[in-house]
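Read off the chains here:
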Amino acid sequence: LSGAICFIELGTSIKEPGCDFAYTVFVGWHAIAFSFMWVSVFITFPASAAVQAQTFGHYISKFPRFLSRFRKMLVLFFPVNGIAPLLPIDLAWHDFGQRSIGYALLVVLTILNFYSLDRFAAPFQVLMTSAKMLAMAIIMFTGFYYFFFENWTHNLEHPMEGSVWAPGKLALAFYGGLWSYAGWDILNYGTPEIHKPTRTMPLSLISGILIVCFTYVAINLSYFVALSPDEVKNSSAVASVSTERSFKLTF
């Protein structure tokens, strides 16, 4: 929240596109700005995009298996073998399929960024955010249902048990948290295209940070209702595993 407030002040005072790079150039630190941009373009941004694309592909590749759990419910519409044949993914091609889906996402995002924010990027962002919030709302509702009505509290009885306080582990934990909550500076990259930035930026950044904080805390509590700490740590797709666990018991 403090970082978002700082970027609100910077974005409404220095109305130049480029965010960190533009602000560093504005104060005359050209060498630092040059180094920052090169590191961002060749390391930080590609690595972040690769992780997100790989995660997207990983979740999408699990979708057919998730749908197959509803085979008995849909057998009237697909009487032969349920819906499993509709989206088959052979195990030998599973990793290739994940990466291909991730590459496809990167291509789509690259094409969208060729145009102005208002034309394609903003509507696409609204659509994807709405879909993501809907999915998280389902997970949170399911977790809270089991917590309050089914008394699934065993994973939350000793939440700090087994904690590691080594400096290196704490640094990784803080970095993971910062990476998860990152995004409060993205709006500043397109400041000139924002209508009424002095009004829009404070409202969007502060409300966005508060919504994200609430959502992340709530959804992590929902994960721990269904999964043990070890299962959360060892899972490469926590939301998928948590949903499968909850809906398997529900249906």
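Residues numbered from 1 in each chain as written. Predicted model: local features only at pLDDT ≥ 70, side-chain atom pairs only at ≥ 80, totals over all residues. Heavy atoms only, no water.

In the nomenclature of an unreviewed UniProt entry, the protein chain is known as Aa_trans domain-containing protein of Angiostrongylus cantonensis. Under the Subcellular location (unreviewed entry) heading, UniProt states for the protein chain: "Membrane". (UniProt positions renumbered as here; feature names shortened; annotations may be inferred.)

A. A nonpolar patch on the surface, seen in detail. A cluster of nonpolar side chains, namely F34, W38, V39, V41, F42 and I43, defines an oily patch on the protein surface of about 630 Å² accessible area. Residue placement: V39 occurs in helix α3 (residues 30–68). (Patch = residues over 30% accessible without salt bridge, like charges linked within 9 Å, V, L, I, M, F, W, Y side chains within 5 Å. Areas by Shrake-Rupley, 256 points an atom, 1.4 Å probe, with all protein chains shown as cover. Salt bridge = Lys/Arg side-chain N within 4 Å of Asp/Glu carboxyl O. Helix = DSSP H or I, 4+ residues; strand = E, 2+ residues; numbered from the N terminus.)

B. Seen up close, the UniProt feature "transmembrane region" (unreviewed entry) in the protein chain. UniProt's feature table lists "transmembrane region" (unreviewed entry) at residues 31–53, 74–94, 100–117, 129–149, 169–191 and 203–226, given in the numbering used throughout. End-to-end, the C-alpha atoms of residues 31–53 are 31 Å apart, and along that stretch the chain is 100% helix and 0% strand. The span residues 169–191 is 57% helix and 0% strand, and its two end C-alpha atoms sit 37 Å from each other.

C. Geometry of helix α7 (residues 197–226). Compared with the 44 Å implied by 1.5 Å per residue over 30 residues, the 42 Å span of α7 between its first and last C-alpha is a close match. Turning to α7, its buried residues are P197, M201, L205, I209, T215, A218, I219, S222, Y223, V225 and A226. (Expected span 1.5 Å × (residues − 1). Buried < 20%, exposed > 50% of the residue type's maximum accessible area, 1.4 Å probe, protein only.)

D. Here's a closer look at empty space enclosed by the protein. Under the defined criterion, the tally for this structure stands at one cavity of 30 Å³ or more. The volume enclosed by the largest cavity comes to roughly 30 Å³. Of all the secondary-structure elements, those providing two or more residues to the lining of the largest cavity are α5 (117–149) and α9 (238–250). No other element matches α9, which puts four residues into the lining of the largest cavity. Looking at the lining of the largest cavity, its residues break down into two nonpolar, four polar and no charged. (1 Å grid on protein atoms, 1.4 Å probe; cavity = no way out; pocket = protein on both sides within 12 Å on 5 of 7 lines; lining within 4 Å. Points joined across faces, edges and corners; volume = space filled by probe spheres on them. Nonpolar A, V, L, I, M, F, W, Y, C, P; charged D, E, K, R; others polar.)

E. Region of the structure containing the confidence of the model for the protein chain. The predicted model of the protein chain averages 76 in pLDDT, with 83% of residues at 70 or higher. Averaged over each element, pLDDT in the protein chain is lowest for α9 (72) and highest for helix α2 (residues 20–26) (85). Here residues 70–89 scores under 50 on pLDDT; set against residues more than four positions off or in separate chains, the count is 18 contacts. (pLDDT = per-residue confidence, 0-100. Contact = heavy atoms within 4.5 Å.)

F. Spotlight on the nonpolar core. I139, M140, W152, I219, Y223, L227 and V238 are the most contacted members of the largest nonpolar core, which has 14 residues in total. Secondary-structure elements contributing two or more residues to this core are α5, α7 and α9. Ranked by residue count, the leading element in this core is α7, at five residues. Formed by five residues, the second largest nonpolar core is a distinct cluster that contains F7, I14, C19 and A22. (Core = buried A, V, L, I, M, F, W, Y, C linked by side-chain atoms within 4.5 Å.)

G. Spatial organisation of the packing of aromatic side chains. Enumeration over the complete set of coordinates arrives at seven aromatic pairs. Their ring planes at 55° and their centres at 5.9 Å tell us that F34 and W38 sit as a pair that is tilted. Of this pair, F34 and W38 both sit in helix α3, separated by four residues, roughly a single helical turn. Note on W38: relative accessible area 45%, which makes it partly exposed. Seen from their ring centres, W38 and F42 are 4.8 Å apart, and the 10° between their planes marks the pair as stacked. With W38 and F42 both in helix α3 and four residues apart, this pair spans about one turn of that helix. Of the residues examined, F42 reaches a relative accessible area of 55% and is grouped as exposed. Taken together, the aromatic side chains of Y145, Y146, F149 and W152 make up a single cluster linked through ring pairs. (Phe/Tyr/Trp six-rings, centres within 6.5 Å; stacked < 30°, edge-to-face > 60°.)

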